[in-house]
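This is what each chain is made of:
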Amino acid sequence: TQLLEQSPQFLSIQEGENLTVYCNSSSVFSSLQWYRQEPGEGPVLLVTVVTGGEVKKLKRLTFQFGDARKDSSLHITAAQPGDTGLYLCAGESRDDMRFGAGTRLTVKP
Amino acid sequence: NAGVTQTPKFQVLKTGQSMTLQCAQDMNHEYMSWYRQDPGMGLRLIHYSVGAGITDQGEVPNGYNVSRSTTEDFPLRLLSAAPSQTSVYFCASSQQGRAGANVLTFGAGSRLTVL
């Protein structure tokens, strides 16, 4: 059982559509991070959220941390083919970082 | 370029063989960790270290050993490889600090196949 559950597991959409992916847990985290991974490479950090209820925007990407610091969402507006990749959430607690299984996003031109 | 370097990038082993995956970082990061990535399972923590001389187990430590004799290096050892250890392995490092500062920098990964 994953500590962090991500949904959906797969998502295929057309260019220009909006989408939201979710990261849920029963555990409380001191911070939650979102990473993006492309084939053959390691994950790369997109954003870190620390405060419950925090919202961060990165161009067309909006990240929200739940009030109870147990869940998070990533919303992409007007998706582009360059957004294609594996999106991973990661929760930080004490000395380690645990990852969800990821959402594999495909944006078709 | 500064970062996390993993070697080898690809490796094929036979069941029962041993090998070491190397990981080195030149960012003076205190925290280093090893993950394995399997389809549908995401990244699972194997072992981690918060500083030289200190290591601890993650979610899936069985079959793997680590040591941290220097700040820069964090090798992962497979003493007797099994087919279940076929996976892509990632090393990551970060500068420990306040909450939210533990930003992981990943290596490019090592793909291991055990026959």
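Up top you'll find the structure we're talking about.
Described below are features of the structure shown in this document. Since this is a predicted model, take the numbers as computed values, not measurements.

With the rule as written, the count across this model stands at 2 disulfides over all chains. In this model Cys23(A) forms its disulfide with Cys89(A); the gap between the sulfur atoms is 2.0 Å. Measuring handedness by torsion sign, the sulfur bridge of Cys23(A) and Cys89(A) sits at about 75° and is right-handed. Note that Cys23(A) is positioned in strand E3 (residues 19-24) and Cys89(A) in strand E9 (residues 85-93), a separation of 66 residues in sequence. Each member of the pair, Cys23(A) as well as Cys89(A), carries the same accessibility label: buried. The disulfide partner of Cys23(B) is Cys91(B), and the gap between their sulfur atoms is 1.9 Å. Negative torsions about the S-S bond denote left-handed disulfides, and the value of about -70° found for Cys23(B) with Cys91(B) makes this one left-handed. Taken as a pair, Cys23(B) in strand E3 (residues 19-25) and Cys91(B) in strand E9 (residues 87-94) lie far apart in primary sequence, 68 residues in all. In this structure, Cys23(B) and Cys91(B) share a single accessibility class: buried.

As a further point, take the nonpolar core. Among the nonpolar cores identified, the biggest contains 20 residues, and Leu19(A), Leu32(A), Trp34(A), Leu74(A), Ile76(A) and Leu105(A) are the most heavily contacted of them. Breaking this core down by element, the ones donating at least two residues are E3, strand E4 (31-37), strand E5 (44-49), strand E7 (61-65), strand E8 (71-76), E9 and strand E11 (103-108) of chain A. In this structure Leu105(A) touches Leu11(A), Ile13(A), Leu19(A), Ile76(A), Asp83(A), Thr84(A), Gly85(A) and Tyr87(A), once residues within four positions along its chain are discounted. With 18 residues, the next largest nonpolar core counts Leu13(B), Cys23(B), Tyr89(B) and Val114(B) among its residues.

Attention shifts here to the side chain of Thr71(B). Along the chain, Thr71(B) falls in the loop between strand E7 (64-66) and strand E8 (76-78). Setting aside residues no more than four positions away along its own chain, Thr71(B) makes contact with Gln25(B), Asn28(B), His29(B), Met32(B) and Ala52(B).

Before going further, it helps to spend a moment on the interface of chain A and chain B. Listed by partner, the interface residues are 24 residues for chain A and 23 residues for chain B. Summed over both sides, the interface of chain A with chain B buries roughly 1700 Å², with 53% coming from carbon and sulfur. Where chain A packs against chain B, one counts 1 salt bridge. Two residues, Glu59(B) and Arg98(A), come together in a salt bridge whose shortest N-O distance is 3.9 Å. Where chain A packs against chain B, one counts 2 residue pairs in polar contact (both at pLDDT 80 or more). Of all the elements in the fold, those that place two or more residues in the side of chain A that touches chain B are E4, E5, E9 and strand E10 (96-99) of chain A. Considered class by class, the residues forming the side of chain A that touches chain B number 9 nonpolar, 10 polar and 5 charged.

Following the criterion strictly, the structure yields 9 aromatic pairs over all chains and no others. Seen in terms of ring centroids, Trp34(A) and Phe63(A) are 6.4 Å apart; in terms of plane orientation they differ by 45°. Their pairing is tilted. Taken as a pair, Trp34(A) in strand E4 and Phe63(A) in strand E7 lie far apart in primary sequence, 29 residues in all. Residue Trp34(A) is classed as buried on the basis of its relative accessible area of 0%. The class of Phe63(A) is buried, set by a relative accessible area of 0%. Where Tyr35(B) meets Phe106(B), the ring centres are 6.0 Å apart and the plane angle is 45°; that geometry is what we call tilted. Of this pair, Tyr35(B) sits in strand E4 (residues 31-38) while Phe106(B) is found in strand E10 (residues 105-106), placing the two residues 71 residues apart along the sequence. Neither residue differs from the other here; Tyr35(B) and Phe106(B) are each classed as buried. Taken together through their ring pairs, the aromatic side chains of Tyr35(A), Phe99(A), Tyr35(B), Phe90(B) and Phe106(B) make up a single cluster. Here the guanidinium or amino end of Arg68(B) rests over the ring plane of Phe74(B), the centre of that ring lying 5.9 Å away.

Calculation rules
- Residues numbered from 1 in each chain as written.
- Chains lettered and ligands numbered in written order.
- Predicted model: local features only at pLDDT ≥ 70, side-chain atom pairs only at ≥ 80, totals over all residues.
- Heavy atoms only, no water.
- Disulfide = S-S within 2.5 Å.
- Helix = DSSP H or I, 4+ residues; strand = E, 2+ residues; numbered from the N terminus.
- Buried < 20%, exposed > 50% of the residue type's maximum accessible area, 1.4 Å probe, protein only.
- Core = buried A, V, L, I, M, F, W, Y, C linked by side-chain atoms within 4.5 Å.
- Contact = heavy atoms within 4.5 Å.
- Buried area = accessible area lost by both parts, 1.4 Å probe.
- Salt bridge = Lys/Arg side-chain N within 4 Å of Asp/Glu carboxyl O.
- Polar contact = N/O pair within 3.5 Å; in protein donor to acceptor, adjacent residues only side chain to side chain.
- Nonpolar A, V, L, I, M, F, W, Y, C, P; charged D, E, K, R; others polar.
- Phe/Tyr/Trp six-rings, centres within 6.5 Å; stacked < 30°, edge-to-face > 60°.
- Lys NZ or Arg CZ within 6 Å of the ring centre and 35° of its normal.

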